[in-house]
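Working through the structure, step by step
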Amino acid sequence: MRKQIFASVWDAIETTAAEAENMKLRAALMQTIEQHIRSKGWSQTEAAHRLGVTQARISDLLRGRIHRFELESLVGMATTADSA
């Protein structure tokens, strides 16, 4: 068995470089949004209101449920968070 080394976990588990890059971007945006929410001291309900999503979406984000988010929706949330 050959040992493979990957630059990231996403490179190891995704089938294409494009899919791996998409997951890397989604993970980074989720972390950024979560840090913003925590730095503001927002509850999930307040974060949902300010970001224009449901509380359940914020819960999914804070729980790291990356497969429930598309890159486009995370970009929208990050843009909204930046102005909130």
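Please refer to the structure placed before this passage.
Residues numbered from 1 in each chain as written. Predicted model: local features only at pLDDT ≥ 70, side-chain atom pairs only at ≥ 80, totals over all residues. Heavy atoms only, no water.

Re helix H5 (residues 71–83)
Over its 13 residues, H5 extends 19 Å from the first C-alpha to the last, a length consistent with the 18 Å expected when each residue adds 1.5 Å. Along H5, the residues classified as buried are Leu-74, Met-77, Ala-78 and Ala-81. Considered in projection along H5, the buried side chains sweep an arc of 100 degrees and stay on one side of the axis. In H5, the exposed residues that point more than 90 degrees away from the buried face are Glu-72, Thr-79 and Ser-83. Where H5 is buried, its residues touch helix H2 (17–40), helix H3 (44–51) and helix H4 (55–62). (Helix = DSSP H or I, 4+ residues; strand = E, 2+ residues; numbered from the N terminus. Expected span 1.5 Å × (residues − 1). Buried < 20%, exposed > 50% of the residue type's maximum accessible area, 1.4 Å probe, protein only. Arc of directions from axis to C-beta. Contact = heavy atoms within 4.5 Å.)

Here we look at the packing of H3 against H4
Axis separation between H3 and H4 bottoms out at 8 Å; the angle between their running directions is 110 degrees. As the angle between them shows, H3 and H4 are arranged roughly perpendicular. In this structure, H3 contributes Gln-44, Thr-45, Ala-47, Ala-48 and Leu-51 to the contact, and H4 contributes Gln-55, Ile-58, Ser-59 and Leu-62. Among the residues making up the contact of H3 with H4, the classes are represented as five nonpolar, four polar and no charged. (Axes fitted to C-alpha atoms, helices over the stretch in contact; angles between N-to-C directions. Parallel < 35°, antiparallel > 145°, perpendicular 65-115°, else oblique. Nonpolar A, V, L, I, M, F, W, Y, C, P; charged D, E, K, R; others polar.)

Scope: geometric values only; no functional claims are made or implied.
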